[in-house]
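# Topology and contacts: notes
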Amino acid sequence: KSPDPSQFLSFRTVDLGGGIYPVVSYQRRKNAPDVTERVEISNDLFSWRHNGNSPSNQTLVFSLDNNGDGTETVSYRTQALLSSAAKTYFRIIIE
């Protein structure tokens, strides 16, 4: 049986001072120095932006929670407010 991905990955919005931001959260192993990860965002699924390829930061760590089992849950939110006119897609690159 495959694990349920909703145990490891979730999406939500958060209201910060009246502004609504999209948030992606995922579970990762703690202390995994051989693993790098990058959260990218897109409005069209064609052009992807991340903190290393844009003039300004696209995402920031919103929260980091120790799960007490050798894993942690990290949540990223976008720097830009959620807009009803544009869609926001997330992807996580793990290398």
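For the structure, check the block above.
Residues numbered from 1 in each chain as written. Predicted model: local features only at pLDDT ≥ 70, side-chain atom pairs only at ≥ 80, totals over all residues. Heavy atoms only, no water.

### Quick word on the overall build of the protein chain
Our working rule: Secondary structure elements follow DSSP: runs of H or I no shorter than four residues count as helices, runs of E no shorter than two count as strands, and numbering proceeds from the N terminus. When a residue's accessible area, from a 1.4 Å probe over protein chains only, is under 20% of the maximum for its type it is buried; when over 50% it is exposed; and in between it is partly exposed. Here a residue-residue contact requires only that any non-hydrogen atoms of the pair lie within 4.5 Å. Shrake-Rupley sampling with a 1.4 Å probe provides the accessible areas, and residues are treated as covered by the protein chains on show and by no other component. None of His or the chain ends enter the tally, which takes Lys and Arg as positive and Asp and Glu as negative. Think of each charge as sitting on NZ of Lys, CZ of Arg, CG of Asp or CD of Glu.
If you tally the helices and strands in the protein chain, you get 0 helices and 6 strands. For the protein chain, the α and β elements follow one another from N to C terminus as β-β-β-β-β-β. The dimensions of the protein chain, computed from C-alpha atoms along their principal axes, are 40 × 30 × 30 Å. Counting only residues that meet the buried cut, the protein chain has 28% of its 95 residues in that class. Once local pairs closer than 6 in sequence are excluded, the contacts in the protein chain between residues at least 24 apart make up 54%. Split by element, the accessible area of the protein chain, about 6,400 Å² in all, is 51% carbon and sulfur. Of the side chains in the protein chain, 10 bear a positive and 10 a negative charge, and the two mean positions are spaced by 3 Å.

### A short note on the nonpolar core
Considering soluble globular proteins, one finds that nonpolar side chains tend to be buried as a cluster. For clarity, the threshold we go by: By nonpolar core we mean a set of buried residues, namely Ala, Val, Leu, Ile, Met, Phe, Trp, Tyr and Cys, connected to one another through side-chain atoms within 4.5 Å.
Within the largest apolar cluster, 7 residues are counted, these being Val24, Tyr26, Val39, Ile41, Val74, Tyr76 and Phe90. The set of elements that each furnish at least two residues to this core consists of strand E2 (19-29), strand E3 (37-42) and strand E5 (71-78). Sequence-distant contacts of Val39, that is, excluding residues within four places in its chain, are made with Val24, Tyr26, Arg49, His50, Thr59, Tyr76, Phe90, Arg91 and Ile92.

### Points about the pairing of E2
Rules: At least two DSSP bridges between two strands are required for those strands to pair.
Sheet topology note: the strand E1 (residues 9-16)/E2 ladder contains 8 bridges and is antiparallel. Considered in E2, the bridge of Asp15 is made with Ile20. Linking two consecutive strands that pair antiparallel, namely E1 and E2, is a turn of 2 residues; a positive phi of about 60° is found at Gly17 within it. Relative to E5, E2 is paired through 7 bridges, and the arrangement is antiparallel. Bridging across to E5, Arg28 finds its partner in Glu72.

### What to know about a nonpolar patch on the surface
Selection criterion: Like charges are joined within 9 Å and nonpolar side chains (Val, Leu, Ile, Met, Phe, Trp, Tyr) within 5 Å, but only among residues with over 30% relative accessible area and no salt bridge; these make up the patches. Between Lys or Arg on one side and Asp or Glu on the other, a salt bridge is scored when a side-chain nitrogen of the former is within 4 Å of a carboxyl oxygen of the latter.
On the surface, a cluster of nonpolar side chains totalling about 290 Å² of accessible area is made up of Phe8, Leu9 and Phe11. On the basis of relative accessibility, which here comes to 35%, the residue Phe8 falls in the partly exposed class.

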